[in-house]
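# Coordinate inspection notes
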Amino acid sequence: MILASGSPRRRKLLANLGVPFRVVVSGEAEDSPEHDPARLAGELAMRKARAVARAHPDAVVIAADTVVAVGAELLGKPGDEAENRAFVRRLSGRTHQVYTGVSVVSGGRTAGGVERTDVTFRALSDAEVTHYARTGEGLDKAGGYGIQGVGMALVARLEGDYSNVVGFPLTLVIRLLREAGIAVWGE
Ligand SMILES: Cc1cn([C@H]2C[C@H](O)[C@@H](COP(=O)(O)OP(=O)(O)OP(=O)(O)O)O2)c(=O)[nH]c1=O
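Residues numbered from 1 in each chain as written. Predicted model: local features only at pLDDT ≥ 70, side-chain atom pairs only at ≥ 80, totals over all residues. Heavy atoms only, no water.

The chain is annotated in an unreviewed UniProt entry as dTTP/UTP pyrophosphatase from Deinococcus phoenicis. What the UniProt record of the chain gives under Cofactor (unreviewed entry) is the line "a divalent metal cation". According to UniProt, the comment filed for the chain under the heading Function (unreviewed entry) is "Nucleoside triphosphate pyrophosphatase that hydrolyzes dTTP and UTP. May have a dual role in cell division arrest and in preventing the incorporation of modified nucleotides into cellular nucleic acids." (UniProt positions renumbered as here; feature names shortened; annotations may be inferred.)

This is the structure we're talking about:
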């Protein structure tokens, strides 16, 4: 099977399931007129999976996309340290939503789903925001933070699947893989 993702987090989490796979990155543009974060995450995951499946029609292909929403605003990956500061300041002291869409293409059939986790940040001081952005950890991550790293210290509360925040919601992934006939942990 093929993981259509360049994300090292997704590679690690899929490897944990004991499923043999290789990585093929789609290069699909992540732009869409869709404003609803759940639908956007689902659509982008489906586009990534289908783009790779077109070139590898006999493989089972899995892809994912993570979208961070705070109020009506969507936060992608910050472009630089200054934008990362602005993102973390925006998330400070409030609850935001992390949506990850997962899509599996197998034998011309596409199955997918979207998982949501609510994450609440502590109220952060300016010094904390500056310090965190300086680590650079958030630059390649939607929302500008990594809950699996130093970013854990920003989080006061989490409601939902933790692996979803890291970009690969395992309960959903395992269900979709099994539905596509892929054995997870030998089952
Ligand atoms: C909020 C948050 C996001 N992230 C990551 C998950 C995703 O890898 C990334 C969101 O970007 P995505 O566009 O979902 O994925 P990607 O560009 O890293 O990889 P690809 O498109 O090739 O699949 O942010 C964390 O690792 N920790 C976090 O706490």
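Having put the structure on the table, let's press on.
It is worth spelling out the pairing of strand β6 (residues 109-121) at this point. As paired elements, strand β5 (residues 95-106) and β6 share 12 bridges and run antiparallel to each other. Note that in β6 the partner of Thr95 across the bridge is Thr120. Between the end of β5 and the start of β6, which pair antiparallel, lie two residues, with Gly107 showing a positive phi angle near 55°. In this sheet, strand β7 (residues 155-159) lies alongside β6 in antiparallel orientation, the contact comprising four bridges. Paired with Thr120 across the bridge in β7 is Arg157. (Pairing = 2+ DSSP bridges. Helix = DSSP H or I, 4+ residues; strand = E, 2+ residues; numbered from the N terminus.)

In the Ramachandran plot, Trp185 falls in the positive-phi region, its phi being about 50° despite a non-glycine side chain. Counting through the fold element by element, Trp185 comes out in the segment after α6 (170-179).

Taking the UniProt record as the reference, the feature "site: Important for substrate specificity" (unreviewed entry) is found at Arg9, Thr66 and Gln148. Residue placement: Thr66 occurs in strand β3 (residues 61-70). Relative accessible area serves as the criterion here: at 17%, Thr66 is assigned to the buried category. When residues no more than four places from it in sequence are discounted, the contact partners of Thr66 are Arg10, Val98, Tyr99, Thr100, Ala142 and Gly167. (Buried < 20%, exposed > 50% of the residue type's maximum accessible area, 1.4 Å probe, protein only. Contact = heavy atoms within 4.5 Å.)

So, on to the UniProt feature "active site" (unreviewed entry) in the chain. UniProt marks Asp65 with the feature "active site" (unreviewed entry), using the numbering shown here. Summarising the element assignment, Asp65 is placed in strand β3. Those residues in contact with Asp65 that sit more than four places away from it in its chain are Arg10, Glu30, Ala41, Leu44, Ala45, Lys48, Tyr99, Thr100 and Gly101. At 2.8 Å, the side chain of Asp65 forms a polar contact with the side chain of Lys48. (Polar contact = N/O pair within 3.5 Å; in protein donor to acceptor, adjacent residues only side chain to side chain.)

Residues of helix α1 (residues 8-15) that are buried include every one of Arg10, Leu13 and Leu14, and no others. The buried residues of α1 occupy one face: seen down the axis, they fall within an arc of 100°. Of the exposed residues in α1, those oriented more than 90 degrees away from the buried face are Pro8 and Lys12. Where α1 is buried, its residues meet β1 (2-3), α2 (37-55), β3 and α6. (Arc of directions from axis to C-beta.)

Moving on, we get to the site of the ligand. Among the 20 residues in the neighbourhood of the ligand, the closest are listed as Ser5, Gly6, Arg10, Lys48 and Lys77. In this structure, an oxygen atom belonging to the ligand sits 2.5 Å away from a side-chain N or O atom of Lys48. Thr66 places a main-chain nitrogen or oxygen 2.7 Å from an oxygen atom of the ligand. When the ligand sits alone it has 610 Å² of accessible area, and the protein chains cover 93% of it. At the level of secondary structure, the elements contributing two or more residues to the shell around the ligand comprise α1 and β3. By residue number, the principal contributor to the shell around the ligand is β3, which donates three residues. (Near = heavy atom within 4 Å. Areas by Shrake-Rupley, 256 points an atom, 1.4 Å probe, with all protein chains shown as cover.)

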